[in-house]
Amino acid sequence: MSKKIYLYGNWKMNNTYRETEKFFEEFPGVYEPFKNDAGLEVGIFAPFTSLWPLSQGAKKCGIVFGAQNVYYEPKGAFTGEISIPMLKEYDVTHIILGHSERRHIFFEPDEMIAKKTKAVLEAGMTPVFCYGETLEERESGNTFTVMERQLKAVLDILTPEEAAKVIYAYEPAIGTGKTATPDQAEEVCKWSRELIGNPKVVILYGGSVKGSNAKELLSMPDIDGALVGGASLKPASFLEIYGAYKG
Ligand code: PEP
């Protein structure tokens, strides 16, 4: 495979500060295989409270690291929120936004996710913008209507230059146990690339990516990488995805 591949792990609400420290103590060389692979970018996205030990471990391994959310205002009366300047002090460069769990459990609206994406770009950081339909929306034939709404909300407020810097992550029906087939994932990623209007944008697929399905998904022409949840928590399963991609 000659295209550059992105392998991003979303730890979600897993791995405390101490567990993250322990992770890198127990597996100091865990990401070493990735280090000298110019065709691959590996990233880990941890809870805010684990960012410090993650940053130390990730810097040693030469991988990207980031947060899973941020608020768009730089400071003020926003109880419970974390700002971009706060994350910058941890050297965070990448931030996941609009994950399906943020949309469906915490009811984050399209407009808020769009504003967050714009603010992250204006701060010189990289947003990993997630979008995708729920199982119900797919089954009722609304996949493309929903995604068009989600994507347009953000594209409407970005310049074409900004839109080109976003890493897009298509994540359908997460948490339902049903995952898209490689052909379904490819169809949506291809359609998204056309809607975004830039053939060069990076589009990841997320949804139960593991060693057994990684190769097929990553071989699809419009899928540039994977956003991995569960399988990123254990070094063995994350490395299995890398092995599948290399093999
Ligand atoms: C996710 O929700 O970001 C995700 C891709 O999860 P999983 O790989 O566990 O389906």
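The structure displayed is predicted, hence computed values, not measured ones.

Asks: Go over helix 10 (residues 182–196), please, and point to the residues and values.
Replies: An α-helical turn contains 3.6 residues, so a residue and the one three or four places further along point in the same direction. Across its 15 residues, helix 10 extends 21 Å between first and last C-alpha, which sits within 8% of the 21 Å expected from 1.5 Å per residue. Where helix 10 terminates, the next one or two residues include Gly 197, which has phi positive at roughly 80 degrees.

Asks: Any details on the site of the ligand? Residues and values, ideally.
Replies: Lys 12, His 99, Ser 208, Gly 229 and Gly 230 are the nearest of the 13 residues found near the ligand. Contacts to the ligand include Lys 12, whose side-chain N or O atom sits 2.6 Å from an oxygen atom. Between an oxygen atom of the ligand and a main-chain N or O atom of Gly 230, the distance comes to 2.9 Å. The fraction of the free accessible surface of the ligand (300 Å²) that becomes covered by protein chains is 89%. The residue inventory of the shell around the ligand, partitioned by class, reads 3 nonpolar, 7 polar and 3 charged.

Asks: Lay out the sheet that holds strand 7 (residues 202–206) in plain terms, naming residues and giving numbers.
Replies: If you walk around this closed barrel you meet the 8 strands as 1-2-3-4-5-6-7-8, and the pairing is parallel. Across this sheet, the average inter-strand angle for adjacent strands is 25 degrees, counted without regard to direction. Strands strand 4 (94–97) and strand 5 (126–131) of the sheet are contacted by helix 6 (residues 110–122), whose axis makes an angle of about 160 degrees with strand 5. Running at roughly 155 degrees to strand 5, helix 8 (residues 143–155) makes contact with strand 5 and strand 6 (167–170) of the sheet.

Parameters and conventions
- Residues numbered from 1 in each chain as written.
- Predicted model: local features only at pLDDT ≥ 70, side-chain atom pairs only at ≥ 80, totals over all residues.
- Heavy atoms only, no water.
- Helix = DSSP H or I, 4+ residues; strand = E, 2+ residues; numbered from the N terminus.
- Expected span 1.5 Å × (residues − 1).
- Near = heavy atom within 4 Å.
- Polar contact = N/O pair within 3.5 Å; in protein donor to acceptor, adjacent residues only side chain to side chain.
- Areas by Shrake-Rupley, 256 points an atom, 1.4 Å probe, with all protein chains shown as cover.
- Nonpolar A, V, L, I, M, F, W, Y, C, P; charged D, E, K, R; others polar.
- Pairing = 2+ DSSP bridges.
- Axes fitted to C-alpha atoms, helices over the stretch in contact; angles between N-to-C directions.
- Contact = heavy atoms within 4.5 Å.

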